[in-house]
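Each chain, letter by letter, is given below.
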Amino acid sequence: MIKKKYSQFVFVVITSFGMSIIMSLVITYINTGIDSEFLIRWGKAWLVAFPIAIIAAIIVVPLAKKIANKISY
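Note that the coordinates shown come from a computational prediction; the quantities given were computed from them, not determined experimentally.

**Some thoughts on helix 2 (residues 38–71)**
No. 1: Helix length check: helix 2 (34 residues) gives 42 Å between terminal C-alpha atoms against 50 Å at 1.5 Å per residue, more than 12% under.
No. 2: Within helix 2, the axis deviates most sharply at Ala57, by approximately 30°.
No. 3: Buried within helix 2 we find Phe38, Phe50, Ala53, Ile54, Ala57 and Val61.
No. 4: Summarising the contacts, the buried residues of helix 2 are in contact with helix 1 (7–32).

**A short note on helix 1**
No. 1: The terminal C-alpha atoms of helix 1, which comprises 26 residues, lie 37 Å apart, in line with the 38 Å expected from a rise of 1.5 Å per residue.
No. 2: On its buried face, helix 1 is in contact with helix 2.
No. 3: Two residues or fewer after helix 1 comes Gly33, characterised by a positive phi angle close to 75°.

**Section: the packing of helix 1 against helix 2**
No. 1: Put simply, helix 1 and helix 2 touch, their axes get as near as 6 Å, and they point 135° apart. Taken as axis vectors, helix 1 and helix 2 run oblique relative to one another. You can see that helix 1 and helix 2 cross each other, and the crossing is right-handed.
No. 2: Split into classes, the residues belonging to the contact of helix 1 with helix 2 amount to 19 nonpolar, six polar and two charged.

**Let's talk about the side chain of Ser16**
No. 1: Within the element layout of this structure, Ser16 appears in helix 1.
No. 2: Overall, Ser16 belongs to the buried group, its relative accessible area being 2%.
No. 3: Polar contacts involving the side chain of Ser16 include one to the main-chain carbonyl oxygen of Val12, which spans 2.7 Å.
No. 4: Residues contacting Ser16, with those up to four places away along its chain left out, are Phe50, Ala53, Ile54 and Ala57.

**A word on the pattern of salt bridges**
If charged atoms from side chains of opposite charge come close, those side chains can pair.
No. 1: Tallied over the full model, the rule gives one salt bridge.
No. 2: Across the pair Arg41 and Asp35 runs a salt bridge, and its minimum N-O distance is 3.1 Å.
No. 3: Looking at Asp35, the relative accessible area reads 42%, which means it is partly exposed.

Calculation rules
- Residues numbered from 1 in each chain as written.
- Predicted model: local features only at pLDDT ≥ 70, side-chain atom pairs only at ≥ 80, totals over all residues.
- Heavy atoms only, no water.
- Helix = DSSP H or I, 4+ residues; strand = E, 2+ residues; numbered from the N terminus.
- Expected span 1.5 Å × (residues − 1).
- Bend = angle between axes of the 7 residues up to and from the residue.
- Buried < 20%, exposed > 50% of the residue type's maximum accessible area, 1.4 Å probe, protein only.
- Contact = heavy atoms within 4.5 Å.
- Axes fitted to C-alpha atoms, helices over the stretch in contact; angles between N-to-C directions.
- Parallel < 35°, antiparallel > 145°, perpendicular 65-115°, else oblique.
- Left-handed = near helix turned anticlockwise from the far one by under 90°.
- Nonpolar A, V, L, I, M, F, W, Y, C, P; charged D, E, K, R; others polar.
- Polar contact = N/O pair within 3.5 Å; in protein donor to acceptor, adjacent residues only side chain to side chain.
- Salt bridge = Lys/Arg side-chain N within 4 Å of Asp/Glu carboxyl O.

By themselves, these figures tell us nothing about what the structure is for.
Following this line, the structure appears as structure tokens:
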């Protein structure tokens, strides 16, 4: 089990992992189509996308929570 104090970071990593896989897959497919090299191109794209997604989520998630709390009743 992971300690409660790390739950926010674990959430960010899991969310970033899933979103970066899906987004890099779709964008690679749209830009290049599927051929014998697709998985290699997608893997390279994902390796770039995943760390960027983590950084973006670290910035965006707390802001999104604050905004959601302000507009919720």
